[in-house]
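Residues per chain are reported as follows:
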Amino acid sequence: MWKQLKRKPLGLLGAGIIGVVIFTAIFANWLAPYDPYKIDLKTRLKPPSLQHLFGTDKLGRDILSRVIYGTRISLQISSIVVALAFPIGTIIGAFAGFTGSLADEIIMRITDVFLSIPGLVLAMAIAAALGPSIQNVILALAVVWWTWYARLSRSSVLQAKEFEYVEAAKAIGNSNMRLIFRHILPNCLAPVMVNATLDFGFVTLSAAGLSFIGLGAQPPSAEWGAMLSQSREILREAWWATMFPGFAILFTVLGFNLLGDALRDIFDPRLKE
């Protein structure tokens, strides 16, 4: 896979961006030049300079430090959401596709109910009902996101369970659980993993959107969406307060999308040259 990825410049660019994001999140304590939560009204609304590379916000907090710490928060949210939705949706979809009949119909109709409602709207409703916090945003997005994995996993399992190696494993007495987890799922994970890579970017964007409207991270959190929300009142006089958090979201989502597209091309033989 690495040899094929090296042939895709945009995929390498995406991997490089993600590498920078992960490095920044891990070493945020050492990379941030200032305390991201320290208020200094004497330096409020300072434009970008050598002292404050990204300028300061309306409370005098260093925006570069807050963007760096926001990387950790945003990456944690997307990682936890995907870590919850990926296995739950994949296992449910695999069970539905393998068993078929009534169980498949019930599971897929429940999935259709979730998919019939726009994901972000449903996440907004759940987050609003639970109350504004990062934990509730994670739960709301995980509830929304599992359905896509269930659909994708089910379609892959429906194809894989008809292959000869599965019939052979069944003929020698393998249990249904072993057939699913040992023989079928490992050969169906490629498209699901590609979807998970893309979802890191989508979850980051959705979490920022929920924080922007006040349903996610709350002040004084350095989460990117919350930073944009807090800075929209001073957009005309302090453009830097919104530009740099916005670019952080842009490049993070772009990195995951570029890498996800490259992995999709690698794993899908129909898209190879």
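Here is what the cut-offs are and how they apply
All residue numbers refer to positions counted from 1 along the written sequence of the respective chain. It should be noted that, the model being predicted, local features are given only for residues of pLDDT at least 70 and side-chain atom pairs only at 80 or more, the latter also being counted only at that level, while totals for whole chains, interfaces and linings use all residues. Each side-chain value is derived from all of the structure's non-hydrogen atoms; neither hydrogens nor water enter the calculation. Each Phe, Tyr or Trp ring, with Trp reduced to its six-membered ring, pairs with another whose centre is within 6.5 Å; inter-plane angles below 30 degrees give stacked pairs, above 60 give edge-to-face pairs, and intermediate values give tilted ones. Numbering of helices and strands runs from the N terminus, with a helix taken as a DSSP run of H or I at least four residues long and a strand as a DSSP run of E at least two residues long. Take the buried residues of types Ala, Val, Leu, Ile, Met, Phe, Trp, Tyr and Cys, join any two whose side-chain atoms come within 4.5 Å, and each joined set is a nonpolar core. For every residue, the accessible area obtained with a 1.4 Å probe (protein chains only) is divided by the maximum for its type, and the residue is called buried under 20%, exposed over 50%, and partly exposed between those limits. Any pair of residues with heavy atoms lying within 4.5 Å of one another is described as a contacting pair. A side-chain nitrogen of Lys or Arg and a carboxyl oxygen of Asp or Glu constitute a salt bridge if their distance falls within 4 Å. Inter-axis angles, ranging from 0 to 180 degrees, are taken between N-to-C directions of lines fitted to C-alpha atoms, where helices are fitted over the stretch in contact. Reported orientations rely on four angle classes, namely roughly parallel under 35 degrees, roughly antiparallel over 145, roughly perpendicular from 65 to 115, and oblique for the rest. Crossing handedness is read from the near helix: turned anticlockwise from the far helix by less than a right angle, it gives a left-handed crossing, and turned clockwise, a right-handed one. Three categories are distinguished: nonpolar for Ala, Val, Leu, Ile, Met, Phe, Trp, Tyr, Cys and Pro, charged for Asp, Glu, Lys and Arg, and polar for the others, with Gly belonging to the last.

Peer 1: Would you take a moment to explain the packing of aromatic side chains for this structure?
Peer 2: The geometry of an aromatic ring pair comes down to the distance between the two centres and the angle between the two planes. Scanning the model with the defined rule gives 9 aromatic pairs in all. Taking 5.6 Å as the distance between ring centres and 70 degrees as the angle between the ring planes, the aromatic pair formed by F114 and W146 counts as edge-to-face. With F114 in helix α5 (residues 101-115) and W146 in helix α7 (residues 134-160), this residue pair connects regions lying 32 residues apart in the sequence. Ring centres of W239 and W240 lie 5.6 Å apart, and the angle between their planes is 80 degrees; this geometry places the pair in the edge-to-face category. Taken together, F54, W239, W240 and F244 form an aromatic cluster joined through their ring pairs.

Peer 1: Honestly, the nonpolar core in this entry has me stumped. Any pointers?
Peer 2: Burial of nonpolar side chains together is a common tendency in soluble globular proteins. By size, the foremost hydrophobic cluster in this structure holds 24 residues, and its most contacted members are I77, L141, W145, Y149 and V203. Those elements giving two or more residues to this core turn out to be α4 (63-99), α6 (119-130), α7 and α10 (189-212). Take this core: its biggest share by element is 9 residues, from α7. Beyond its immediate sequence surroundings of up to four residues, V203 is in contact with I77, S78, V81, V82, L141 and W145.

Peer 1: How do you make sense of the pattern of salt bridges when you look at a structure like this?
Peer 2: Pairing between side chains of opposite charge can happen when their charged atoms approach one another. Taken as a whole and judged by the stated rule, the model has 8 salt bridges. Put simply, D57 and R61 hold a salt bridge, and the shortest N to O gap is 2.9 Å. Taken individually, D57 and R61 each receive the classification buried, so the pair is uniform in this respect. Note that R154 and D104 form a salt bridge whose closest N and O atoms lie 2.7 Å from each other. Highlighted residues: R154 in helix α7 and D104 in helix α5, separated in sequence by 50 residues. For R154, a relative accessible area of 18% translates into the label buried. Connected through shared salt-bridge partners, E105, R109, D112 and R151 make up one network.

Peer 1: What is the right way to look at the packing of helix α8 (residues 164-171) against helix α9 (residues 176-184) in this model?
Peer 2: It is the contact of α8 with α9, at a shortest axis distance of 11 Å, that shows an interaxial angle of 140 degrees. Here α8 lies oblique to α9, going by the angle between them. The chirality of how α8 crosses α9 is right-handed. The residues of α9 that touch α8, namely those facing Y165, V166, A169 and K170, are L179, H183 and I184. Tallied by class, residues from the contact of α8 with α9 come to 5 nonpolar, 1 polar and 1 charged.

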